[in-house]
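Below are the chains, spelled out letter by letter.
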Amino acid sequence: MNEILKAEAITKTYGARGAKQYQALKGIYFSLQKGEFVGIMGASGSGKTTLLNILSTLDVPTSGKVVINQHDLSSLNKKQLADFRGREIGFIFQDFNLLENLTNRENIALPLALQNVKAAEINEKVNAIAKRLGIDSILTKYPAEISGGQKQRVAAARALVHNPAILFGDEPTGALDSTAATELLTTMEKLNQEDQVTILMVTHDPYSASYAQRILFIKDGKIGRELEKGQASRADFYQEIIGELGRN
Amino acid sequence: MLWKLSLTGIKSRRRDYAVLFSGLMLAAAIFYMFMTLAINPAFLKGALTISFSITKYVFIVGIILLSIITLVYIVYDNSFLLSMRKKDYGLYLMLGARTSKIGELIFAETLLVGFLATILGSILGIGLAQLVSKLLINQLGLQIHKFVGFYLPALLWTIVFFLALFFLAALWNRHKLVKSQVIDLLHEQQRPVNLRFHPVWKTIEAVLGIVLLAVGYWAMWNYKQLMTNSLWIGLITIVAGTYFTFDSLFSIVIRLLRRNQKFANRRLHSFTLGQLQFRLGAYTRILSVVSLLFALALGAITVGLNFHSLTDQAMESTYYDVVIYKHSPKVDRQLKHVSVRKTQNLNYKLVGTGKWQIIYVSEPQIAKEKLKYQHFYQKDGQAAYSTRTITPENIRKADEGYMQLSMLMPYPSAQIKLVSAKQYQNIKAKEQKTDFLLVNNFRQNFNQIEKLQHLAVKQIMDGPKVESSDITINLNNSKSAQYRLIASVASGFEFMGFFLGLAFLAMLASTLMFKVLSGAESDKLRYQMLAKIGAQVSWLKQAVRVEIGTLFALPAVLGIVDVLFGLQFFKSMLKNPYDRLWIPFTLFLVIYLLYYLLTVKMYEQLVLKNQH
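Just so we're clear, the structure is a prediction, and the values are computed from it rather than from any experiment. (Residues numbered from 1 in each chain as written. Chains lettered and ligands numbered in written order. Predicted model: local features only at pLDDT ≥ 70, side-chain atom pairs only at ≥ 80, totals over all residues.)

Q: What is the right way to read the overall build of chain A from this model?
A: Looking only at helices and strands, chain A features 8 helices and 10 strands. In terms of C-alpha radius of gyration, chain A reaches 18 Å, essentially the compact-globule figure of 18 Å for 248 residues. Counting only residues that meet the buried cut, chain A has 46% of its 248 residues in that class. Of the contacts formed within chain A by residues at least 6 apart in sequence, a portion of 70% connects residues at least 24 apart. (Helix = DSSP H or I, 4+ residues; strand = E, 2+ residues; numbered from the N terminus. Rg over C-alpha atoms; globule rule 2.2 N^0.38 Å. Buried ≥ 20, exposed ≤ 12 C-beta atoms within 10 Å, placed from the backbone. Contact = placed C-beta atoms within 7 Å.)

Q: Where do I start with the overall build of chain B in this structure?
A: Across its full length, chain B carries 24 helices and 7 strands. Taken over 612 residues, chain B has a buried fraction of 42%. A fraction of 83% describes how many contacts in chain B between residues 6 or more apart in sequence connect residues 24 or more apart.

Q: Looking at this structure, I do not really get unusual backbone geometry. What am I missing?
A: In terms of backbone geometry, most residues other than glycine have negative phi values and most peptide bonds are trans. Residue and element names in this part refer to chain A. We note that Asn 116 has phi near 60 degrees; this positive angle belongs to a residue other than glycine. For Asn 116, a count of 10 C-beta atoms within 10 Å gives the class exposed. Positioned with a positive phi, Gln 196 is a non-glycine residue whose angle comes to about 55 degrees. Looking at where Gln 196 falls in the secondary structure, it is placed in the loop between α6 (178-195) and β8 (199-202). Classification of Gln 196 as exposed rests on a count of 11 C-beta atoms within 10 Å.

Q: What is the right way to read the environment of Arg 158 of chain A from this model?
A: All names here are of chain A. Structurally, the position occupied by Arg 158 is in helix α5 (residues 148-160). Linking Arg 158 and Tyr 29, residues 129 residues apart in sequence, is a C-alpha distance of 29 Å. For Arg 158, the residues in contact, after removing those within four places along its chain, are Asn 107, Ile 108, Leu 110 and Pro 111.

Q: When you look at the interface of chain B and chain A in this model, what are you seeing that I'm missing?
A: One frequent convention defines the size of an interface as the accessible area lost when the parts assemble. Listed by partner, the interface residues are 22 residues for chain B and 25 residues for chain A. At the level of secondary structure, the elements contributing two or more residues to the side of chain B that touches chain A comprise α11 (261-264), α12 (269-306) and α22 (520-532) of chain B. The element that contributes the greatest number of residues to the side of chain B that touches chain A is α12 of chain B, accounting for 6 residues. Among the residues forming the side of chain B that touches chain A, the class breakdown is 9 nonpolar, 8 polar and 5 charged. (Nonpolar A, V, L, I, M, F, W, Y, C, P; charged D, E, K, R; others polar.)

Q: Would you take a moment to explain the sheet that holds strand β4 (residues 63-68) of chain A for this structure?
A: Sheets are built from strands that pair by backbone hydrogen bonding, the pairs being arranged parallel or antiparallel. Residues and elements named next belong to chain A. The strand order β2-β1-β4-β5 describes an open sheet built from 4 strands, whose pairing is antiparallel. The outermost strands of the open sheet, each flanked by one partner alone, are β2 (22-33) and β5 (71-72). Across 9 bridges, the pairing between strand β1 (residues 3-14) and β2 is antiparallel. Note that in β2 the partner of Lys 6 across the bridge is Ser 31. Along the sheet face, helix α1 (residues 48-55) touches β1, β2 and β4 and points at about 125 degrees away from the line of β1. (Pairing = 2+ DSSP bridges. Axes fitted to C-alpha atoms, helices over the stretch in contact; angles between N-to-C directions.)

Q: Explain the confidence of the model for chain B to me, please; I cannot follow it from the model alone.
A: If pLDDT is low for a region, its predicted coordinates should not be looked at in detail. Predicted confidence across chain B gives a mean pLDDT of 79, with 86% of residues reaching 70 or more. Every residue in residues 47-52 of chain B is under pLDDT 50, and counting partners more than four places away or in other chains gives 14 contacts. (pLDDT = per-residue confidence, 0-100.)

Q: Just to check I follow, could you spell out helix α8 (residues 199-221) of chain B for this structure?
A: Note: α-helices contain 3.6 residues per turn, so residues at a spacing of three or four share the same orientation. All names here are of chain B. The terminal C-alpha atoms of α8 lie 33 Å apart, and with 23 residues this matches the ideal 33 Å at 1.5 Å per residue to within 8%. Of the positions making up α8, those classed as buried are Gly 209, Leu 212, Leu 213, Gly 216, Tyr 217, Ala 219 and Met 220. Tucked inside the fold, the buried residues of α8 contact α9 (223-226), α10 (228-259) and α23 (537-566). (Expected span 1.5 Å × (residues − 1).)

Q: Before we go on, may I ask you to explain the environment of Phe 80 of chain B in this structure?
A: Position of Phe 80 of chain B relative to the elements: it lies in helix α4 (residues 52-94). Setting aside its immediate chain neighbours within four residues, Phe 80 of chain B contacts Leu 20, Phe 514, Leu 517 and Ser 518 of chain B.

Q: So what exactly am I meant to see when it comes to the packing of α23 of chain B against helix α24 (residues 582-607) of chain B here?
A: For any two helices packed against each other, the geometry is given by the interaxial angle and the distance between the axes. Residues and elements named next belong to chain B. Running from N to C, α23 and α24 cross one another at 145 degrees; their axes reach a closest spacing of 10 Å. In terms of crossing hand, the pair formed by α23 and α24 is right-handed. Contacts between α23 and α24 involve Lys 541, Val 544, Arg 545, Ile 548, Gly 549, Phe 552 and Ala 556 on the former and, on the latter, Tyr 592, Tyr 596, Thr 599, Val 600, Tyr 603, Glu 604 and Val 607. Of the residues belonging to the contact of α23 with α24, the class tally is 9 nonpolar, 2 polar and 3 charged. (Left-handed = near helix turned anticlockwise from the far one by under 90°.)

Q: I would appreciate a short explanation of the packing of α10 of chain B against α12 of chain B in the present structure.
A: Residue and element names in this part refer to chain B. Running from N to C, α10 and α12 cross one another at 170 degrees; their axes reach a closest spacing of 9 Å. Looking at the two axes, α10 sits roughly antiparallel to α12. Listed contacts from α12 to Val 239, Thr 242, Tyr 243, Phe 246, Asp 247, Phe 250, Ser 251, Ile 254, Arg 255, Leu 257 and Arg 258 of α10 are Ser 270, Leu 273, Leu 276, Gln 277, Leu 280, Thr 284, Leu 287, Ser 288, Ser 291 and Leu 292. (Parallel < 35°, antiparallel > 145°, perpendicular 65-115°, else oblique.)

Q: Teacher, can you tell me more about the sheet that holds strand β7 (residues 166-170) of chain A here?
A: Residue and element names in this part refer to chain A. Spatially, β6-β7-β8-β3-β9-β10 is the arrangement adopted by the 6 strands of the open sheet, whose pairing is mixed. Both outer strands of the open sheet, β6 (89-92) and β10 (222-228), are each paired with one neighbouring strand and no more. The sheet shows a mean angle of 20 degrees between the axes of neighbouring strands, direction not considered.

Q: Explain the environment of Leu 408 of chain B to me, please; I cannot follow it from the model alone.
A: All names here are of chain B. Mapped onto the fold, Leu 408 is located in helix α17 (residues 400-408). Among the residues examined, Leu 408 registers 22 C-beta atoms within 10 Å and is labelled buried. In the structure, Leu 408 is positioned 85 residues away from Val 323 in sequence and 7.6 Å away in space, judged by C-alpha atoms. Beyond its immediate sequence surroundings of up to four residues, Leu 408 is in contact with Val 323 and Thr 434.

Q: Whenever I open this one, the pairing of β4 of chain A confuses me. Can you help?
A: Both faces of the sheet carry side chains from a regular strand, because those side chains alternate between them. Residues and elements named next belong to chain A. With 5 bridges connecting them, β1 and β4 associate as antiparallel partners. Note that in β4 the partner of Glu 8 across the bridge is Lys 65. Alignment of β4 against β5, held across 2 bridges, turns out to be antiparallel. Bridging across to β5, Ile 68 finds its partner in His 71.

Encoded structure:
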């Protein structure tokens, strides 16, 4: 198997030593294979955002080890981390985080521009991903001129344009209406199945989570249960998730 | 409860408030300093005995300009304050605070901040006035006396003026907040910006802007033909042209750069260009104002420093640096402190007393010695001098050369007679001698030279009674006296130009700084996002430097061009307004650069806080 991400004994403690401390993560272990679509669920304050920040190199763990695509994150310095993020990681945020001063095309091109990819190649890649996500007609517009669903597609295109090893989603459907949310999730599912994009998505919405193949439930800073979709239909898996949430 | 919340809000943003507060304090301090100079008679009379009334008028113009700038400055400073507080106030409103209560809160806060800043600023101004005047007087070798930093009327004026301004600002803030919708307050930063662009209109505007600027510059260049008309034409066309240029030309250039895929797709270029285009839309007015202020400030310093050249004229009007009528141990001792380049002398014999005095000089000596004087004439309406030699012929004809020689002698009313060497020897009178000196480094050694000239005059005036009774020497004709006279007038102008220039500069640069900083709040998210998708901190810093650098550079470039043309106006007053241009320009640009660096640093602190 091709392991894309491995988390080992990750802890995160807030507050200075000696002062009042709060442990958000209390030892997280899990791994992600290439081409997997995994959801992380948990209540508010369970530590899921902290975990995502650590996995996506935005934050550093107090102890423990994260390996992504054979790179041990703790061995990278600040500059290398930024580079690593630029090459290996794609992000989709709840509130899109598009730059409203740039056209959608420029927004999508940004990760490639950061890596100094040649202009012609950038154009080619932007066009390709835009076509794949069905947003090629709005590339010259500004984010303020398109709908929320379209914005999230632009954000997804930006997250994927540089062909990252893993795509992180932080409540990607949180700001979308149900139609737009379904569209986005279908797209993510398709990217996962057809292009083998590895996806790790944090959500508290069981409907979104049901698109994943596997779900990790995080509670009080630890991973509790794990659900596998296996051969079940999405509707059944959804029921299973609801059931699991109900047990807590 | 709300008051407590408000205070906590201020406390949590104390760094931002410190920036704001220091800006306001500086404005008050500058205003106070200028007021003391403008209305303190001790300074004016001490510095400018001669053109007191004219200078007062100039100072009043200065006060008006400074007031306008202060007003603009406070408007921007105030918008920075408001931008910081909007979200908090929106939150209070959402939690159910009454609008009137919030209005009261913002009113009190603005007024309180303003009041404290004014008081502290005035105190700072008193100290600064003392310090700056001392520094300037020493550095520039200005001739100013009797200047004390504290002057009550100036203090009162400053306080009244600033409190009035802050009262208006407080009313304005209250009005703005009360009228706003809660939702707008909370989401102020996410409001979409109009980024549409009408290429045809913009092109027309850009062409219009350039044409207007060209007309303005042409008018200033042809000052001689257009006279005062050029002032009006220049004022209108340059103000409008500057505005149009900022509103269109620069956005067109940025658009073209954005279209250039190769350029735009490098690292953060597209981001910087996007930011700039967006900013230029919102910055048109302030950039125009800053560019014009920049021109005014730089112009004031340039012209002010150029007044120094008046002393060149003073020095040109007299040929000999020092005239010594009689040697004495005291004079000779002082002579050692002066580096003499050349000495010429004239022997003479004085006969008779009172009206019948005759000075006999020998023709061969006059012919040989070739004493010089400065001939005055007008060239292009300006005073000019040429050096001429005193010849025996001059004395025979009793023309200009004769008059000049007579003025150099300690008996100006005596008649000068030219005689042959033999006749001269036969005249039975004591031979006397006058020395005419040319010295090295007149300016640098001015104090020693002046002292020597004083001693030389004193020596002969205080001589034995009989001898001195007919002596009249007008010390004012000496070069050192001329120099001191002109220098005192020039210093006044120089001081004012310098001071106004620096004050304007401080204001305009801080205005720009606050405008940039008030946008930092909404830029924070953008920079965080860029960091998340893999931008190095060093690239982000680079982007900040380029973005702010462009905003600082554009008005500076236009301002410099304005000054280069504007100096034409002063051609009638100053010999060469373009003389030693690099001194004020360098000084000015260095200070401007410091403001730029400070802005970058503070902006980084606000925007990249989490990335550090």
